[in-house]
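Here is how the chains run, residue by residue.
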Amino acid sequence: MSFKNLATILFIVAFQIITAQTIYKDSVFAKITKATYTYGKVENESLQFDYYKADNSRKKLPLVVFVHGGGFSGGSRNDDYTVTFANKLAQRGYAVASVSYRLTMKEIGFGCDVEATKKIAAFNSASNDVSLAIKYILDNDKKFNIDSNTIILAGSSAGAETVLNMVYVYDNTILPLNFKYAGVISLAGALSTLDKINNNTAIPTQLFHGTADNLVPYNFAPHRFCNSNDKGFIMLYGSDPIAERLKGLGISYYFHSINGGSHDWSYLPMTTYFDEIIDFLYYDVIHITSIRQTHRTTNN
């Protein structure tokens, strides 16, 4: 058998294996490439993202933009959890951009002694930076080959607060006027207001939250449960009231409550409940056949 014939047979076998699986749902691609890009410079700080994609992805790709946590004072776009999460998504056919942003609360903290106005400013600063990263990707279409109609935001803790803010609060002047995210995934996030969640703005939303989270409230409560006379007192709407608002609007959502769960559930779902994340992405964002409203409750 000639080398050419052998190569043809191997290609056919590989193609049959891939087509027997479902892209965006099953682990289809084995080889993933990762590259780092500088997407801008803000206040003399160069900002970067890591970009993951399958080597043999050809058509325009859905993009998951991941925003790390760390109280806007720390954290990393390439911690072990994020790297594993990004690779597993890329194996299913998604492109992933794991974004760094300005850590405006570094050496300041994010506790009850930090002024509430600075906390809101941190939400908006991170939202600005992540928006710049998305604009960079959209402006370089030939390089990234992204489906601009299928961009999903995902974030952990402070990153979850950022992505929820971007979808439901932040007044974005960076992205096109007609731009709309396809979905959002929040791992222990919250919003400063529910007022802007309406029939025009609501999108498929996935929420993971521990009921005993002592940093970001599960329900409607002060951030970090500060006292009303603390400088850092600010009321936030956690995953439960967000889900209730989406339920009332008839919008698809996937809400997983963990009874007794702590703030550790800001990162644990990336491994423990990865299949649920894929289920949400596939059935509520990529391959929509109906409106689904899912509320799952498990014990910690």
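Everything that follows concerns the structure shown earlier in this document.
Every value quoted in this text rests on a predicted model; they were computed, and no experiment measured them.

Draft legend 1. Spotlight on the sheet that holds strand S3 (residues 61-67). Spatial ordering of the open sheet is given by S1-S2-S4-S3-S5-S6-S7-S10-S11, a layout of nine strands whose pairing is mixed. The open sheet is flanked by strand S1 (32-42) and strand S11 (293-299), the only strands paired with a single partner. The average undirected angle you get between the axes of adjacent strands in this sheet is 15°. Sheet topology note: the strand S5 (residues 146-156)/strand S6 (residues 183-187) ladder contains five bridges and is parallel. Bridged to Ile152 within S6 is Gly183. Helix H2 (residues 80-91) rests against S1, strand S2 (45-54), S3 and strand S4 (95-99) of the sheet, and its axis sits at about 40° to S2.

Draft legend 2. Focus on the environment of Ser73. Mapped onto the elements of the fold, Ser73 is located in the loop between S3 and H2. The class for Ser73 is partly exposed, based on a relative accessible area of 27%. Taking C-alpha positions, Ser73 is 4.6 Å from Met105, a pair spaced 32 residues apart along the chain. With residues near it in sequence (within four places) discarded, Ser73 still touches Leu103, Met105 and Lys106.

Draft legend 3. Fine view of the packing of H2 against helix H8 (residues 274-286). Between H2 and H8, the shortest axis-to-axis distance is 12 Å and the interhelical angle comes to 45°. In this view, H2 runs oblique relative to H8, as classed from their interaxial angle. Seen from above, H2 lies across H8 with right-handed handedness. Note on element contacts: H8 touches H2 through Phe274, Ile277, Ile278 and Leu281, opposite Phe85, Lys88 and Leu89. When the residues that make up the contact of H2 with H8 are grouped by side-chain class, the tally is six nonpolar, no polar and one charged.

Draft legend 4. Inspection of the nonpolar core at higher detail. Judged by nonpolar contacts, the single largest core of 59 residues is most densely connected at Phe49, Tyr51, Ile134, Tyr168 and Tyr181. With nine residues, the top contributor of residues to this core is helix H3 (residues 116-139). When residues no more than four places from it in sequence are discounted, the contact partners of Tyr181 are Ser131, Ile134, Ile151, Leu153, Met166, Val167, Asn172, Leu175 and Ile203. Ranked by size, the runner-up nonpolar core spans 32 residues in total, among them Ala54, Phe66, Tyr273 and Ile277.

Rules used in this analysis
Residues numbered from 1 in each chain as written. Predicted model: local features only at pLDDT ≥ 70, side-chain atom pairs only at ≥ 80, totals over all residues. Heavy atoms only, no water. Pairing = 2+ DSSP bridges. Helix = DSSP H or I, 4+ residues; strand = E, 2+ residues; numbered from the N terminus. Axes fitted to C-alpha atoms, helices over the stretch in contact; angles between N-to-C directions. Contact = heavy atoms within 4.5 Å. Buried < 20%, exposed > 50% of the residue type's maximum accessible area, 1.4 Å probe, protein only. Parallel < 35°, antiparallel > 145°, perpendicular 65-115°, else oblique. Left-handed = near helix turned anticlockwise from the far one by under 90°. Nonpolar A, V, L, I, M, F, W, Y, C, P; charged D, E, K, R; others polar. Core = buried A, V, L, I, M, F, W, Y, C linked by side-chain atoms within 4.5 Å.

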